[in-house]
Structures are given as C-alpha cells and as structure tokens.
Amino acid sequence: MIVPTWRIVALSAVILLIPAGIVLAQDPNAPANTAPQGQTAKRAIKSPDDLKDWQSLAGGTISSDGRWVAYGIGHYEGDPKGIIRSSDGPEKWEIPYTTRIVFSDDSKWAAYSIGVSKADSEKMAAQKQPVRMKLGLRSLPEGKEQTVENVRSFQFLKGSKFLLISRYPGQGKNPPSADLQVMNLANGTTLTIGNVMGFRLNKEETLIALNIESDSGEHGMQLFNPASGTLQTLQWGKDDVGPAIWARKADTLGFLVGTPNPKKEGAANRVVVYSGVGSDPKKTEYDPAKDDKFPKEMRIAESGGLRISEDGTKFWFGIKDWPDKKTPDGKKPEDKPGVDIWHYKDVDVQPLQQSLAGQAQSKTLRSTWNVSNGEFKQLETDELISVNPIGDGRFAIITDPKPYRSAVKPGGLTYADYYVWDLQDGTKTKIVEKRQFGVSPSRKGNYVMYYQQKNWWLYDCAAKKSTNVTRNIKTRWDDVDYDGPQQETPAAAGVMWMEGEAAFIFDKFDTYLVEPTMAEARRITEGAAENLTLRPTDVGWHEDGIRLADPIYFRVFDNNTMKAGLYRRETDGTGKMLTYDGVQYGLIQKSKDTDRIIFSMESDQKTADLYLTNATFDAAKPMSRLNPQQSQFFWPKQELISFTTKSGWKLHGILTYPADYDPKRQYPMITYIYEKLSDGMYNYESPSDTNPYSAQMFAQKGYFVLRPDITYRTNDPGLSALECIETAVQTVLKKNVGVDPRNLGLTGHSWGGYQTTFVHTKSKLFKAAAAGAPLTELVSMSNSFYWNWGETNQVIFESSQGRFNKPWYDIPDAYTRNSAMWNAKTINGPFMMLFGTSDGAVDWHQGQYYYNTLRRMGKEVIMVVYEGENHFPAKKANVLDFTYRVRHFFDVNLQGAKADPWVTEGVPFIKKP
C-alpha cells in the first residue's frame, strides 16, 4: 500500500491537508483572517473570557443532489446554531438555537427545530416551565423561511411531497395526545388530525397508521393516505390499542388490542392484522382466548412488544403470567418491614437484581403466530433461555446460559450455549458451547457467524453445517494487544454484515470478506505490512449496509505514527489511499444522487471542520471555519514518543509542550494516565475550565504534559503501571527538551486515579500527585459493588480492568502488593484525592480508608469531597470547583504559586462555603 505525499494549503486561514495533485476549490464564504485591533501578539489562554467564544462542530449532512450542506455549531458559553449553505454559491443561512437540520430527499427544502437561548432555558427551568421548540422550514431555491410554533417533532415523507409535524400536547392534558399536521409542500396547505397518541409509517411512507384516543376515552387505529387525504378507521372502541407495526416488504400492519379485565392485572390482548392496506384491507385476528394451544393463565403482554416478518406472514410477541389483581392487605407502610435477603445461592446479587428489577418485571416469553395458517407456537418456556427469530423467521437463535449460571463466577465471566432452531422442521442444532461473546446472524437469517478456538466459523442454517472460514489463513484473529487474563477476545468488534449475506471479519490490521459461496475468508486490504489498520465505513444511503457492487471506503489508522487516512477499494479489487496525514476523521457521508462527499477532519493543531470533496477526493474545500480566534493564542505542539520497558513492552505516549514553549527554559511536567492514550495523538482539544485533567489547559499554564500508554502483566496492575510510567518519564527526560526533573506531577481519574495513587507510593520521580475517585485498597474494593451497575467488583477484577486471574483469597499477596494502602508508608510528597459521596463506581470509602491511613502516618494528604456527586461531579459549580482545585494543587507544588488556605490549613466545617 502506497502512502501518498501530502502538502499543506492555507485557505483563508483554514489549514487543509490534501494529497499532492488535488485541486483546491476556493471557499466563497471564507472571511479574511484578521486579528482584532490591538491584539496582534499571541498570548496564553488564562481567563474564562478567553474560553467563551470556542465552538465545536455538531454533525453535518448533505442534500441528495449534493448542492447543499448543513451542520450545527456548539458554543462553549453561548447558544448553538445551525448553518445551511450552498456547496457552490454564496447562499448561506444561520439558524439560532438549533443543531439539527434535515433536507428533503428532492433537495428543495430544509427543516429544523428552533429552541430558545440558554438564558431563557435556564429561566424557564427555574420557573418549572417546559421549553417548547418551533419548526423552521426553508425553501432552498428561494431562501424563504416559515416557522411553526410548538412543534415536538417533524419528518419529511419520501418523495418530498409532504411534511409531518407533530405538535406538543396541551399542558396538563391526560392522556398526552396531540395534533398531527400533514403539510403539502407543493401548495403549503395543512391538514390537522387531532388526538394522536403516536404514528407509524409504512416503508414507502405513503400510508400513516395513527393511534387515536378521543377525549371521551375511546381508542382507535386509523389509516391516513396523505396523497388522497383519506382517513380510514381500522379499529375503534373502549379497548386499548397499541402501536402499529408495518411489514417491510408488504402492505401489512399489525397492532395489539386489549380488553381490560377488572379482576386481572393487565388487559386481555389480541393481535389484529390488516393486509392489503394500500388497496383492499383484509382483517385477521389472533385471540388467545379462542386458542386451546395458548397457555392458560397467561396473556399477550404489552411489554413483550410486537414484531412482524418482512413479508407480513408471521408475528412475534411476548406472553407472561396473568395474575389476579392484588387486594390491599390493610397494613400501613410504616408497619411493613424494609428488608432484603442476601443469600449465598443468589446467582445475581441483590444490588444487581435491584438494578434489573424493571427488566425482570417486564420479562416475557417469546411466542409466534403464523397469519397464513393461524398456528400459535410458544418459543420460550424458560425466562433464562432466550429465543430470537432471525431473518424471515424460519430460523431462530437459542441462547442458553443455564449450564453456567452460578453464584460463583470463576474468572468473573458469563457464558452460554448457542443453538440454531429450524422452526420449519423443528430441529435444534448446537453450534457453539460455553461462548462468551455471542453469535452474529446475517441480515436474511440464513447464516450465523461466531468466534471460537481463535478462528471464525460460518454456520449454514439450512444445511446445518459449520465451516471454519479462517483455518488456513496465517494470521491471529484474537486481540494481540489484549493484556487481561482472558484470551478469547477477538481482534475487532465482531462481524460486519453487508447487504445480502456477505460479511466482513477482521484481524488487527486487515479486513477479510466472507461470502456463503466461499469456503474460506479472503483478505481484501493489505495493511499489515505497514502496520496499518483498515476498517470499512458506510458512506452511502443503503439501509441494508455496504454493497459489494459499490466502491468501499476504509478508515486507515497507522499504528506506528497514529496518523489517519482514507482508502477506497474499487469493485475490481484495486484500491487507492485517498488521504493520509496527522489528522483524525469523523463524519463521512456521501450524497445520495451524486459523488459528492462531506467529511469532518481535525488535528491536534486545528479544530474539527466540515469539508466537501468528491468520491475520489480529487478536490476539497472547507464548508465551515470554526474558532478563528485560536490564532490569537499560543497553541501547544505535540510529539509522539516511543519507549520500551524492561519487560520488553514497546509503547507510545503523547508529549504536549507548553503553549508558549521556549527551548531555553525549564518547565514542570504533569503525567496524566489511564490505559492506552496515544491513539488520541491528533485529537483536537478545546480549552476548557470543566476538565480538571485537560492537557491543553495545563500546557496553557506552562506545563509539559505526558500521556503514556500502559500495558499490564496479569496479577500486577499497579506494578505494571509503575514500570510503564517511569520508563515513559525517563524517556522524556533524556530528550532534554526542558522538562524540570524536580517538578513532576502525576494525575488520573478512576482507574487512572488508582494507578496514580499506587505509583505515588513507589516512584521517587513525582513531587506531587492528585487522584480523582481512586481505588486504594484492592481487597476491599474487589469485595464491594459497582453500584451504578449492581454487579460485584469481583467480576471486574477477574475478567477485565483489574487484570487478576484469581480472587484475592487465592493470591492475597498480589492484591496487597498492588494496593496503595499496603504501601502507604513509602508515599512520596503531597497527595490529593477527590470523591463524590454518591460515587457508584468507586465507593468513597476507598478514599476514607486511605485518608485515615495517611493522616495517621502524618503524611501530606488532602481529600476533597463533593456531597451527593457520583463518579464525576455533575453540578456545574462542583465541576468548576473540582477543576480549579486540581490545577491549583499542582500550581502550588510544581510552580511555586501562592497556596490558597485550603491547601495549607484546610477548611473547618463551620466555615465551608
């Protein structure tokens, strides 16, 4: 693979990296880059006023004909806005208070939601008034705009003849029905349908199924044809009517109709189906009460949802027990005990059961009904064993975790056996057992792929045959960079199915094609030789995914340099690298009817902007130009460093220089850690006063910032981090670029906070350390709960981030030697922790344990506590405070700044703000 040569082009102060030979079109809307009067000299970012104008790109879209581009702009302090502009001409409109803009498919209209200013929103929230949006509709050829007040949502119908407008319900209205308006875009007339609870469109968007509830409490399902303006009632009465669902390839719709039973919990639901709704609707109904095969004392439950096959001949729904209504027991709430029973036989611990209670209460048993022959079949009979029909419903995937369910989870992992059930002949074939990652069915449901024994297998559902499609390919299909105790992790996030039955699978570098007619996967990219990772990206408008009949675009990542690119593979197998440089690509979208493409691109030196190009990237021009004020400020350069630890780990790190770097000076350095961070080498970081660990803001304050990669040895997460971090720091010091070895700081949050806390007890390099929500004692931490989830931390410690392969009682020395608590006596220099009292990830008792230990030892420790906050503060005042304290702590200890009293003396409780 040949990497193209690049050149840098300045276009009205917008730097665009393009391959040599590309013709760059002039941007007709780009203003001149002139600095404000009196501000010609660059300066560092210091005050909140320096931040207030910073912007961020919020999405982007291109019209079907490629002539119009729209995008949103987020604002650091101010209000968002949307931009609509011509791809070729000077037309450009700015829409306040919006970031969502939609084009009609004929490219003649743009519609957008318009909100209110941030100040008005805060005022209305204080007055407990709802913020209601309005609709903006603009004719693109004429530029004229009209607005509609109180619009909850909107949608262009296919063909661009009509616009659906859903209004807000009246305040206090119960039930919350609302008006639905259908606007004829040709003549501007609007038809209003009242009391709409919800609506669903058929695939062609020529018919609208409407859930109606009248003011008198009657319910209905009506069918509206926008072209003819006719409204047809399909269902009406006192019975409940559920949402409609349409067949994808037939004019068939279905919905649940429920008759309340005063003696039972929930309604007696039946399935009502209308076929031929585009011409002569025919009604078919499934009523469980009239079917002897339907389980007694059960009902079709609303919580089970309703699914329909593509051809409209099969329905799937959930059934559950139908209990009698509960009668009051007469006891007052205060007379009832508040008690939970925690039992050693609980497979799911009580906190996890509590977290999953809603899901458990709504759990149903999946069943099916065949419209053509009237046959009902219960597919699931056990709540733990799931059955998921795939494709057109001939086959289903059975997931059975029961053989592996136990209160004891060796390794912290959960497993299941997987079967393919042929619902036509009734056979069930086990295709893989004790599988951790699940299986992946094709879009049509005729094939299933799964990862096992470090290979990929394709199962042919009709032939009932599995084939190892990677058996003869000499590559590693597992994640070669995975450093945890479990070794079954595949190289990438599974299978990517395309249109039809073809699929992509991946090793670390390349993409491989699997087709049912192939006995073996075939590599279609060549990145491994140059250490490039190539992954396909869908830039088209095809609802079934990437098509082999079209050129395929790949995102490229250079594992040596962290640079990125885009590669295009032609249908004949040839290919070309389109772009490649020190940038990151975000959005990539092709217009539906032309070869024009929009893409967003950023680098560590330049904010993300939106660009317009063609299918082969032969020309490119900017569509947006954000943050021109950056030219007024110093901006830090970044450098990728490489280092090898004593264990032979070859790693990278990002070194950010002080914004106003002078090679003749020495500067303090802060090392920020988590796990692997070097992939973000070319990410743009806006200045911020809400990110306490911002490399940008540390650089603006005169620090070097090092972000090293960390890898792990099983059972030694802390000592592994120590080895990686110290090697990275020593590598930087040897560069002699001006890092002051006497003023080094260390920081991180959560897992990064744990490593910060532990490394600070071992390393002599760091003068001060600050940790957000750190784990401090690993035995107690492993025996606590991840309350935000409900599961025990034992699962995390033994299967993922903890990197232990056994529980603490089997290897107690490993847990203690990697705990800051058990190494606290050798802590080096001032230390600060920050916790929220409602932290559901790292219980703040971890902070209490360590604070009491260090305080008892007479060590320099400060613990900052935020009442009621979770793993990271959410209240803005607390976020700002958190950020200020981390930065001030380092300024005092590494730059000699004058300390605020809370650093030197603390704050007595009665004097706290």
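Look above for the structure.
A few points on the structure. In this text the structure is predicted, and so the values were computed from the model without any measurement.

Scanning the chain from N- to C-terminus turns up twelve helices and 55 strands. The C-alpha radius of gyration of the chain comes to 31 Å, within 12% of the 29 Å expected for a compact globule of 913 residues. With respect to the principal axes defined by its C-alpha atoms, the chain has extents near 85 × 70 × 70 Å. Scored against the burial criterion, the 913 residues of the chain give a buried share of 52%. Only carbon and sulfur atoms are counted for the fraction: they give 49% of the accessible area of the chain, which is about 41,800 Å². Of the charged side chains in the chain, 110 are positive and 108 negative, and the gap between their average positions amounts to 3 Å.

Counting buried residues along strand β45 (residues 597-602), five of its six residues qualify, which places the element largely inside the surrounding structure. With five bridges joining them, strand β44 (residues 584-590) and β45 adopt antiparallel strand pairing. Its bridge partner lying in β45, Q584 is registered against E602. Connecting β44 to the antiparallel partner β45 that follows it, the hairpin turn spans six residues. Note that β45 and strand β46 (residues 609-613) share five bridges and pair antiparallel. Paired with F599 across the strands is Y611, a residue of β46. In this antiparallel pair of consecutive strands, β45 and β46, the connection spans six residues.

Glancing now at the packing of aromatic side chains. A complete count under the given rule lists 42 aromatic pairs for this structure. Grouped by ring-pair contacts, the aromatic residues Y286, F294, F315, F317, W369 and F376 constitute a single cluster. Residue placement shows R100 over the ring face of F154; its charged tip is 4.3 Å from the ring centre. Stacked on the ring of Y415, the Lys or Arg K434 has its end atom at 5.1 Å from the ring centre.

Before going further, it helps to examine the sheet that holds strand β5 (residues 68-75). Read from one edge of the open sheet, four strands run β4-β5-β6-β7, paired in antiparallel fashion. Only two strands of the sheet have a single partner each, and these edge strands are β4 (55-62) and β7 (92-96). The average undirected angle you get between the axes of adjacent strands in this sheet is 20 degrees. As paired elements, β5 and strand β6 (residues 81-86) share six bridges and run antiparallel to each other. When the sheet's bridge partners are listed, A70 is paired in β6 with I84.

Let us look at the nonpolar core. In terms of nonpolar packing, the biggest core is built from 55 residues, with L655, M669, I725, V729, F831 and Y850 touching the most fellow members. The element that contributes the greatest number of residues to this core is helix α5 (residues 717-735), accounting for eight residues. Sequence-distant contacts of I725, that is, excluding residues within four places in its chain, are made with T671, I673, I710, L746, V759 and F766. In terms of nonpolar packing, the next biggest core, distinct from the first, is built from 22 residues, Y693, F698, F882 and V886 among them.

If you walk through the whole model with that rule in mind, you get 40 salt bridges. With its nearest N and O atoms 3.1 Å apart, the salt bridge here joins E285 to R270. Placement of the pair is E285 in strand β23 (residues 282-286) and R270 in strand β22 (residues 268-275), with a sequence separation of 15 residues. Relative accessible area serves as the criterion here: at 33%, E285 is assigned to the partly exposed category. Given a relative accessible area of 13%, R270 falls into the buried group. D609 is paired through a salt bridge with K606; the nearest N and O atoms lie 2.6 Å apart. For D609, a relative accessible area of 1% gives the class buried. Residue classification places K606 among the buried positions, given a relative accessible area of 16%.

To continue, consider empty space enclosed by the protein. Here the structure, examined in full by the defined rule, presents two cavities of 30 Å³ or more. The space that makes up the second largest cavity amounts to roughly 40 Å³. Lining the second largest cavity are H749, A773, L834, F835, G836, Y866, E869, N870, H871, F872, P873 and F882. Sorting elements by how many residues they give to the lining of the second largest cavity places strand β54 (residues 831-836) first, with three residues. Among the residues making up the lining of the second largest cavity, the classes are represented as seven nonpolar, four polar and one charged.

Moving on to the layout of surface pockets. Considered as a void within the structure, the largest pocket measures approximately 1,100 Å³ in volume. Along the walls of the largest pocket sit 30 residues, with M863, V864, V865, R885 and V907 positioned nearest its centre. Here the element with the most residues in the lining of the largest pocket is helix α11 (residues 876-895); it accounts for seven residues. Of the residues that constitute the lining of the largest pocket, the class distribution is 17 nonpolar, five polar and eight charged.

The next point concerns the side chain of S600. Within the secondary structure, S600 is located in strand β45. Polar side-chain contacts of S600 include one of 2.8 Å to the backbone nitrogen of L587.

Following the sequence through the fold, E265 ends up in the loop between β21 (252-259) and β22. Spatially, the C-alpha atoms of E265 and K325 are 5.1 Å apart, while their sequence positions differ by 60 residues. A polar contact of 3.4 Å, which involves the side chain of E265, links it to the backbone nitrogen of K326.

This next bit is on the sheet that holds strand β41 (residues 552-558). One key point about sheets: their strands pair by backbone hydrogen bonds, in either a parallel or an antiparallel sense. Read across the open sheet, the four strands follow the order β40-β41-β42-β43; overall the sheet is antiparallel. Single-partner strands in this sheet number two, and they are β40 (532-537) and β43 (575-581). Within this sheet the neighbouring strands show an average axis-to-axis angle of 25 degrees, counted without direction. Where β41 meets strand β42 (residues 564-569), six bridges bridge the pair, whose relative direction is antiparallel. By the bridge assignment, V556 is partnered in β42 with G565.

With 19 residues, α5 extends 28 Å from end C-alpha to end C-alpha; this agrees with the ideal 27 Å at 1.5 Å per step. Count one or two residues on from α5 and you reach N736, which has phi positive near 55 degrees.

This next bit is on unusual backbone geometry. Residue K128 is not a glycine yet carries a positive backbone phi of 55 degrees. Along the chain, K128 turns up in the loop between α1 (118-126) and β10 (134-139). In this structure K128 comes out as exposed when scored by relative accessible area, which is 77%. Although it is not a glycine, R803 adopts a positive phi angle of roughly 65 degrees.

Right, let's get into the side chain of T776. Assignment of secondary structure puts T776 in the loop between β53 (768-772) and α7 (778-782). Under the relative-accessibility criterion, T776 is labelled buried at 0%. Within polar-contact distance, the side chain of T776 engages the backbone oxygen of Q846 at 2.7 Å. Setting aside residues up to four positions removed in sequence, T776 forms contacts with T757, S819, A820, M821, M833, Q846 and Y850.

The topology assignment puts T747 in strand β52 (residues 739-749). Of the residues examined, T747 reaches a relative accessible area of 0% and is grouped as buried. For the pair T747 and W541, spaced 206 residues apart in sequence, the C-alpha separation works out to 44 Å. Those residues in contact with T747 that sit more than four places away from it in its chain are I670, T671, Y672, I673, Y693, T756, A770 and F890. For T747, the side chain forms a polar contact with the main-chain oxygen of A770, separated by 2.8 Å.

At a closest axis distance of 9 Å, the pairing of α5 and helix α6 (residues 751-762) adopts a crossing angle of 75 degrees. When the axis of α5 is compared with that of α6, the two are roughly perpendicular. When α5 is examined against α6, the residues P717, G718, L719, A721, L722 and I725 are found in contact with a partner set consisting of W751, Y754, Q755, F758, V759 and K762.

Cut-offs applied
- Residues numbered from 1 in each chain as written.
- Predicted model: local features only at pLDDT ≥ 70, side-chain atom pairs only at ≥ 80, totals over all residues.
- Heavy atoms only, no water.
- Helix = DSSP H or I, 4+ residues; strand = E, 2+ residues; numbered from the N terminus.
- Rg over C-alpha atoms; globule rule 2.2 N^0.38 Å.
- Buried < 20%, exposed > 50% of the residue type's maximum accessible area, 1.4 Å probe, protein only.
- Areas by Shrake-Rupley, 256 points an atom, 1.4 Å probe, with all protein chains shown as cover.
- Lys, Arg positive; Asp, Glu negative; His and termini not counted.
- Charge placed at Lys NZ, Arg CZ, Asp CG, Glu CD.
- Pairing = 2+ DSSP bridges.
- Phe/Tyr/Trp six-rings, centres within 6.5 Å; stacked < 30°, edge-to-face > 60°.
- Lys NZ or Arg CZ within 6 Å of the ring centre and 35° of its normal.
- Axes fitted to C-alpha atoms, helices over the stretch in contact; angles between N-to-C directions.
- Core = buried A, V, L, I, M, F, W, Y, C linked by side-chain atoms within 4.5 Å.
- Contact = heavy atoms within 4.5 Å.
- Salt bridge = Lys/Arg side-chain N within 4 Å of Asp/Glu carboxyl O.
- 1 Å grid on protein atoms, 1.4 Å probe; cavity = no way out; pocket = protein on both sides within 12 Å on 5 of 7 lines; lining within 4 Å.
- Points joined across faces, edges and corners; volume = space filled by probe spheres on them.
- Nonpolar A, V, L, I, M, F, W, Y, C, P; charged D, E, K, R; others polar.
- Polar contact = N/O pair within 3.5 Å; in protein donor to acceptor, adjacent residues only side chain to side chain.
- Expected span 1.5 Å × (residues − 1).
- Parallel < 35°, antiparallel > 145°, perpendicular 65-115°, else oblique.

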